[in-house]
Amino acid sequence: MAKRILSVFEKKATENFPFKDAEFEAVGLSLKKEVDKVFGRSLAIRELDSGSDNSTEIELVNLTAPHYDVERFGITFVASPRHADVLIVTGAVTLNMATAAKKTYDAMPNPKFVVAVGDDACGIGILNNSYAVLGGAEKIFDVNLKIPGNPPSPKDILKGILALTKKISEIKK
Amino acid sequence: MKLNDELEKLFGKKLEIAAGLNNELYLTVQENQVQKAISRLYENNFELILLFCAENFVDKGFTLFYAFEKVGYSEILVLQCSLAGNHVASVATVFPSACWYEREVTDGFGVEFSGAFDKRRLFLHETYPADFHPLLKSFKNGKIETVTPSGDEYPFKVVEGEGVYQIPVGPVHAGIIEPGHFRFSVIGETIFNLEIKMFYKHRGLEKLAEGLKPQECVKIAETVSGDETVANAVAFCSAVEKISNIAVSRRALQLRTVFLELERIYSYLGDLGGMIVDVAYPAGASPFFILREEIFRQNEALTGSRFMKGIVALGGLCKDVPEQALRNLSAFLGSFSKRLGKAEGIDNTFSLIDRFETTGNVKPELLIPLHVTGPVARASGKTTDTRIDHPYGLYREMDLKVRTLQNKDVLARFSLKAEEILDSIKIIQDVLCKLDSGEIFAPYQIKDGYALSIVESARGQSVHWVLLKNGLVDRYKVRTASFCNWQAIEHAVLGNIVPDFPLINKSMNLSYAGTDL
């Protein structure tokens, strides 16, 4: 028991590994600046899986894991579309998901932005000829930015989000 | 006893048995004998692992295939039954696991199952027109006219009584998760009934595979479920390699084994961390996520992809792995067990045990009727592991033991997965010690034929059946572990409180994509 109580003073697991990815940190810090400026310090993202193979979701979840921890940069993944500024769409849009996908987008307040993440969502995957999918996210949404990859890495996704904020920042001017 | 002998004992001599190409036996039965034969197999402890259909397999018309395994036999028994028309007797009252398969066959081919207790559509939701059956050869893949649902809701099971209310959840969930609909009937906080509606992500993969060259189809196998990329790619390739009699080099088999086990490790690490997050203890989960990320980086160094996509190829591997990456992997694994042990100390935490213990029991009596598979089955006491029961590739030479636990709850699944990670580390280390230096690719010529192939993915048994005609894929059937285990969760949550549902769900780690195809 005493050991357990004293363990509070030990170094935490997240403090025990060296963080080396300077490029990721740099992207994160510029993103933070943009988010501060354009989104009032917090950018809320709602993820919508419209028919992916689940690897893109895993990379999005990884963004919140210790190596990346994007909450440091003002990015939060929110539970409700009503709290979201950005809709991240993963996967091709399947016929079975099309209605639910549209409803999710409709529930978001304005202004709102859509980012397609992964080859299928960008409309360049291997599913396009299938009876079961409409195609990429742009078949039902106005897509503001595409982040291709099968799946894109956490760093690629963060770079994409940075590009989006810069784009919006241009519009704002 | 050999499987052949047992079949003769059950069904008499003069059977129409044909040996398959990958340790399966095809037994032809007449249409009117199906139900009787399957009841007989049920009484003799055979377990249904897959039911699927193919069109124009022998002559024109439909052929149904019922695949079975039985403890003690490494062979798979496949009952093969050609239909005169498009209907046959349902076997869902004998094997409840047949229910989803039969609905799947009806959607895909329009084959009707008389006497079935559930005839709702499965993967074709309300937006698909009536009489649309995508897997018929007469349907050429392409865009179709959808219909606006008439407003009649999908009929869920209605549970009535004082104080019973329904909680509809999904398809879009409150997190970065795949879509599916859960309909809870609840009294107070206790779950009284759960019905799940899946297949929102149905992408039509089996139809997309038709007409492709086998080597092009590996991509389809990989996209079945992103976090089972290697398992499904290996299963597909093994089937085609059996059909075309391709001898995969030893080095390729060894490296495939390394990838398969790395996939298992990162998948399990995600489950362990996820379970801890779901009882609101993120600090305790962090060490697992750190290790998991490091595995993703090892994967990338070895194969160029964090999910090891595009490395497995027909005839071996697409490319060799860098020597330096292999050395780094060995060094990394050297300290891995110790670090995992430290992280795992978490399961001594009272608040965690309180939430994990007795939660989400998967009852042993459901294991065979629903064909529950993988770690979920092993944590409920079932001695099952495809690597041992139906060994493939390098596992044929390994002396592996099936780990089981009896407690059948979330804690049992947590502990089992933690122990199995250590086993996987050992497997990889053993393989790396004796790594062959030969070729990684065997040139081949595609032959026609069909074969069944099973691989133990991180989630359990993944069954693939491939039929090649004129050098092209004519039928590709995939059944992942999640397809079976999803049906078990409807039972595992009963009597639990709603806030424990995410925890139970995470402990079973089910793939939506791998189910919906």
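Here, the structure is the one placed above.
These notes cover the structure that comes with them. (Residues numbered from 1 in each chain as written. Chains lettered and ligands numbered in written order. Predicted model: local features only at pLDDT ≥ 70, side-chain atom pairs only at ≥ 80, totals over all residues. Heavy atoms only, no water.)

All names here are of chain B. Direction vectors running N to C along helix H6 (residues 229-243) and helix H7 (residues 250-277) enclose 145°, while the axes themselves pass 8 Å from each other. Here H6 and H7 pass one another in a crossing that is left-handed. Only Arg256, Phe259, Leu260 and Glu263 of H7 make contact with H6, whose side of the interface consists of Thr229, Val230, Ala231, Val234, Cys237, Ser238 and Glu241. Class assignment of the residues belonging to the contact of H6 with H7 gives a composition of six nonpolar, two polar and three charged. (Axes fitted to C-alpha atoms, helices over the stretch in contact; angles between N-to-C directions. Helix = DSSP H or I, 4+ residues; strand = E, 2+ residues; numbered from the N terminus. Left-handed = near helix turned anticlockwise from the far one by under 90°. Contact = heavy atoms within 4.5 Å. Nonpolar A, V, L, I, M, F, W, Y, C, P; charged D, E, K, R; others polar.)

On to the sheet that holds strand S5 (residues 76-82) of chain B, then. All names here are of chain B. Read across the sheet, five strands follow the order S1-S2-S5-S4-S3 without closing on themselves; strand pairing throughout is mixed. The open sheet has two edge strands, strand S1 (17-19) and strand S3 (47-55), and neither has a second partner. Neighbour-to-neighbour, the strand axes of the sheet open up by a mean angle of 25°, direction not taken into account. Summarising the sheet, S3 and strand S4 (residues 62-69) pair through eight bridges and their orientation is antiparallel. From the neighbouring strand, Phe52 faces S4, where its bridge partner is Phe65. Those strands touched by helix H1 (residues 3-11) are S1, strand S2 (24-28) and S5, and its axis lies near 20° from that of S2. Against the sheet, helix H3 (residues 98-109) contacts S3 and S4, and its axis sits at roughly 5° relative to S3. (Pairing = 2+ DSSP bridges.)

If a strand is regular, its side chains alternate between the two faces of the sheet. With nine of nine residues buried, S3(B) lies mostly within the body of the structure. Between the antiparallel neighbours S3(B) and S4(B) lie six residues, among them Asn56(B) with a positive phi of about 55°. (Buried < 20%, exposed > 50% of the residue type's maximum accessible area, 1.4 Å probe, protein only.)

The next point concerns the interface of chain A and chain B. In this assembly, 45 residues from chain A lie in contact with 56 residues from chain B. Summed over both sides, the interface of chain A with chain B buries roughly 4,000 Å², with 61% coming from carbon and sulfur. Taken together, the connections running from chain A to chain B amount to three salt bridges. A salt bridge links Glu59(A) to Arg306(B); the nearest nitrogen and oxygen atoms lie 2.5 Å apart. Summed over the shared surface of chain A and chain B, the number is 24 residue pairs in polar contact (both at pLDDT 80 or more). For the side of chain A that touches chain B, the elements supplying multiple residues, two or more each, are strand S1 (43-49), helix H3 (55-62), helix H4 (98-106) and strand S6 (133-135) of chain A. With seven residues, H3(A) is the single largest residue contributor to the side of chain A that touches chain B. Classifying every residue of the side of chain A that touches chain B gives 23 nonpolar, 15 polar and seven charged. (Buried area = accessible area lost by both parts, 1.4 Å probe. Salt bridge = Lys/Arg side-chain N within 4 Å of Asp/Glu carboxyl O. Polar contact = N/O pair within 3.5 Å; in protein donor to acceptor, adjacent residues only side chain to side chain.)

Our next topic: the pattern of salt bridges. Residue and element names in this part refer to chain B. Summed over all chains, the structure comprises 45 salt bridges over all chains. For Glu206, the salt bridge goes to Arg475, with nearest N and O atoms at 3.0 Å. Residue Glu206 is located in helix H4 (residues 205-209), and its partner Arg475 is located in strand S15 (residues 472-479); the two are separated by 269 residues in the primary sequence. The structure contains a network of salt bridges with shared partners spanning Glu261, Arg264, Arg378, Asp385, Arg387, Glu420 and Glu456.

Residues and elements named next belong to chain B. Compared with the 16 Å implied by 1.5 Å per residue over 12 residues, the 16 Å span of H3 between its first and last C-alpha is a close match. H3 sits mainly inside the fold: 12 of its 12 residues count as buried. Among the residues of H3, those classed as buried are Ala98, Cys99, Trp100, Tyr101, Glu102, Arg103, Glu104, Val105, Thr106, Asp107, Gly108 and Phe109. Looking one or two residues past H3, Gly110 carries a phi angle of roughly 80°, positive in sign. (Expected span 1.5 Å × (residues − 1).)

Under the definition given, this model contains 39 aromatic pairs over all chains. On the basis of an interplanar angle of 75° and a centroid distance of 4.9 Å, the ring pair of Phe57(B) and Tyr450(B) is categorised as edge-to-face. Of this pair, Phe57(B) sits in the loop between S3 and S4 while Tyr450(B) sits in strand S13 (residues 449-457), and the two are 393 residues apart along the sequence. For Tyr450(B), a relative accessible area of 26% puts it in the partly exposed group. Geometrically, the ring pair formed by Tyr266(B) and Phe296(B) is tilted, given 4.7 Å between the ring centres and 40° between the ring planes. Taken together, the residues Tyr266(B) in helix H7 and Phe296(B) in helix H8 (residues 282-303) connect sequence positions 30 residues apart. Residue Tyr266(B) shares its accessibility class with Phe296(B), and that shared class is buried. A network of ring pairs unites the aromatic residues Tyr26(B), Phe52(B), Phe57(B), Phe65(B), Tyr450(B) and Trp465(B) as a single cluster. Lys112(A) extends its terminal NZ or CZ atom over the ring of Tyr105(A), reaching a point 4.3 Å from the ring centre. (Phe/Tyr/Trp six-rings, centres within 6.5 Å; stacked < 30°, edge-to-face > 60°. Lys NZ or Arg CZ within 6 Å of the ring centre and 35° of its normal.)

This part is about the side chain of Glu47(A). Residue placement: Glu47(A) occurs in strand S1. Among buried Asp, Glu, Lys and Arg side chains, Glu47(A) stands out as unpaired, with Arg46(A) the closest opposite charge at 4.7 Å. Looking at Glu47(A), its side chain comes within polar contact range of the side chain of Thr90(A), at 2.9 Å. Beyond its immediate stretch of four places on either side in the chain, Glu47(A) contacts Glu57(A), Leu60(A), Ile88(A), Thr90(A), Gly175(B), Ile176(B) and Ile177(B). (Lys, Arg positive; Asp, Glu negative; His and termini not counted.)

The next subject is the nonpolar core. Residue and element names in this part refer to chain B. Membership of the largest hydrophobic core comes to 174 residues, with the highest contact counts inside it found for Tyr66, Phe68, Leu79, Phe236, Phe259, Phe336 and Tyr476. Examining the composition of this core, we find that 13 residues originate from one element, H7, more than from any other. Residue contacts for Phe236: discarding those within four places in its chain leaves Pro214, Cys217, Val218, Ala221, His464, Val466, Val473 and Tyr476. (Core = buried A, V, L, I, M, F, W, Y, C linked by side-chain atoms within 4.5 Å.)

Counting through the fold element by element, Pro96(B) comes out in the loop between strand S6 (87-89) and H3. If we ignore the near neighbours within four places in the chain, the residues touching Pro96(B) are Pro369(B) and Leu370(B).

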